[in-house]
Number of protein chains: 2
Amino acid sequence: MNELELVDRLRLMKGVSGIGDDCAVYRPKAGEDLLLKTDQLIEGVHFRKTMRPAMIGERALARALSDIAAAGGHPRCCLLALAFPRTKSERWILALFRGLLNLATTTGTVLVGGDVAHDDKVHCSVMVVGAVKRGKALTRAGARLGDHLYVSGKLGKPWDQKIEPRLALGRKLLGKATACIDLSDGLSLDLHRLCKESRAAAQLEHIPMVRGASLERALHGGEDYELLFTLPPHVKPPAGTTRIGTIVAGTAGAVWFAAKKLAPRGYDHFA
Amino acid sequence: MNELELVDRLRLMKGVSGIGDDCAVYRPKAGEDLLLKTDQLIEGVHFRKTMRPAMIGERALARALSDIAAAGGHPRCCLLALAFPRTKSERWILALFRGLLNLATTTGTVLVGGDVAHDDKVHCSVMVVGAVKRGKALTRAGARLGDHLYVSGKLGKPWDQKIEPRLALGRKLLGKATACIDLSDGLSLDLHRLCKESRAAAQLEHIPMVRGASLERALHGGEDYELLFTLPPHVKPPAGTTRIGTIVAGTAGAVWFAAKKLAPRGYDHFA
């Protein structure tokens, strides 16, 4: 199967539209801002060599959708830049696309373009376009002194777990949350980022953990893909979220836990 | 330099805006369609290991901009997904970004986001957003029987040559060209694609070649990054372009040259 044949096969698949031109054309709706995000998923770095292709495709999209969720957006379309070894079969390639497209169709995301190449290992970059009412995107920057700090779900999930992007929750937080970020690099690092952008500090009080997780993993693990957000004290939090602390005065980016300063030791892909 | 420090450094650089959040927010202008494109540049596949970092950054963006040119668009913003070995110095990393940002600023493209990771070789995926007047994007699909076929510049350029995306030419073709594609995989393959999408065939007559190029390279080489386009017979072509053939009746995608059918042997990254 060469590239021309792959494009022909993909065109027949559900969740694919407008591929096979130099660019995809996207018509924005009036009154909306677009959200842009790109994320990499590299064999041996972000996932095990043995991961099944459908899981790789799903995971590559899920990671980028988690960021759309954190901004409170609706996903609209995506592009996939995919490199893989020559030894991969046609079946393997199509399974990867099917994994991605299953999640795409359940979340309203259309695959509109991409690029394929051969390389010695699997490398996926997914680019997602989301949309949000003009001027309403959630950012990391608006947390205020006294805001309560919340997280969805429980933390400390093991490596290679299925990612369920918190899209519905993100949209519920629009107009309510003062700041929001997705937990993709661990609570300590992502909370540091939220606080730094908001020019504030945070006091952590309580960490909801998945059964069997260590505190170390709940604080610094990078596999949670939950939303971390702040609400003014009088705002009622959505169901399924837990208060974990408070925004306090202090050096921008500082995080306190159990009477100690917590270093941003979460997974830095680049450290 | 960790990821947090890199983001802080990049924020001070010209051509960078809005980075450091989960998503970049882009506000579309009324009456415009957006053009979306992603392209990969992989060490050892698309460029030599010895290529200087500024050249890698420039080339990664230039390849994606060439597609925006082919659609007749104005580039607006871009995102970079970058993986590189741990051994690369801070200087090397910043040089790569400077190379990309130099081309970004001269073309009006703003770097609004990205993702960085470590890997055993350099891998860049650039995602570009362009804009074009609503409904006016050039596509591969509109060539009609009797249209004249043109190409910008000369073909058969050597490997690793500087890419100059034909943005100004692409915009001049808006409302005039019936079909357009950029030559990134070689004339034989890209003309096949244009004809296939237009459900037509083409007769090649004359190939303008760079000094020293072989006919083989001019027909099948993948380093030209010129625009290939069709105009109705009565439309005067822009300066700097050469007529190379005619759209004719025949099997969709068929290309004829020197009384023989020309196989789409251009560079298929995936074959």
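Up top is the structure.
Predicted model only: the values in this text are computed from it and were never measured.

What counts as what
Residues numbered from 1 in each chain as written. Chains lettered and ligands numbered in written order. Predicted model: local features only at pLDDT ≥ 70, side-chain atom pairs only at ≥ 80, totals over all residues. Helix = DSSP H or I, 4+ residues; strand = E, 2+ residues; numbered from the N terminus. Rg over C-alpha atoms; globule rule 2.2 N^0.38 Å. Buried ≥ 20, exposed ≤ 12 C-beta atoms within 10 Å, placed from the backbone. Contact = placed C-beta atoms within 7 Å. Least-squares fit on C-alpha atoms with pLDDT ≥ 70 in both. Pairing = 2+ DSSP bridges. Axes fitted to C-alpha atoms, helices over the stretch in contact; angles between N-to-C directions. Nonpolar A, V, L, I, M, F, W, Y, C, P; charged D, E, K, R; others polar.

A. Highlighting the overall build of chain A. Along chain A, the regular secondary structure elements total six helices and twelve strands. Relative to a compact globule of 271 residues, whose C-alpha radius of gyration would be 18 Å, chain A shows 19 Å and is just as compact. Across its three principal directions, the C-alpha atoms of chain A cover 60 × 45 × 30 Å. Evaluated residue by residue, chain A yields a buried proportion of 54% over its 271 residues. Restricting the contact set of chain A to residue pairs at least 6 apart, pairs at least 24 apart contribute 89%.

B. Quick peek at the relation of the copies chain A and chain B. Expressed as a screw transformation, the operator carrying chain A onto chain B has a rotation angle of 180 degrees and an axial translation of 0.0 Å, and the superposed copies differ by an RMSD of 0.0 Å. Viewed as a symmetry operation, the transformation between the two copies matches a two-fold axis. An overlap of 96% is found between the interface residues of chain A and their copies at the interface of chain B, pointing to a shared contact surface.

C. Representation of the environment of His-234 of chain A. All names here are of chain A. Positionally, His-234 belongs in the loop between β9 (227–231) and β10 (241–248). Residue classification places His-234 among the exposed residues on the basis of 6 C-beta atoms within 10 Å. Each C-alpha atom, one on His-234 and one on Leu-103, is 36 Å from the other, the two residues being 131 residues apart in sequence.

D. Representation of the sheet that holds strand β1 (residues 24–26) of chain A within the structure. A sheet is described by the order of its strands in space; here five strands give the open sequence β1(A)-β2(B)-β5(B)-β3(B)-β4(B), paired in mixed fashion. This sheet does not close on itself; its edge strands, each paired only once, are β1 of chain A together with β4 (110–118) of chain B. Taken pair by pair, the neighbouring strands of this sheet meet at an average axis angle of 20 degrees, ignoring direction. Direction of pairing for strand β2 (residues 32–42) of chain B relative to strand β5 (residues 123–133) of chain B: antiparallel, over a ladder of eleven bridges. By the bridge assignment, Leu-34 of chain B is partnered in β5 of chain B with Ala-131 of chain B.

E. Representation of the interface of chain A and chain B in the model. Contacts between the two partners involve 54 residues from chain A and, on the opposite side, 52 residues from chain B. If you list the elements that add at least two residues to the side of chain A that touches chain B, you get α1 (3–11), β1, β2 (32–42), α2 (53–70), β3 (74–84), β4 (110–118), β5 (123–133) and β7 (179–182) of chain A. Sort the elements by how many residues they give to the side of chain A that touches chain B and β2 of chain A lands first, with nine residues. Partitioning the side of chain A that touches chain B into residue classes produces 26 nonpolar, 13 polar and 15 charged. Note that β2 of chain A and strand β1 (residues 24–26) of chain B share three bridges and pair antiparallel. In the strand pairing of β1 of chain B, Leu-35 of chain A is matched with Val-25 of chain B.

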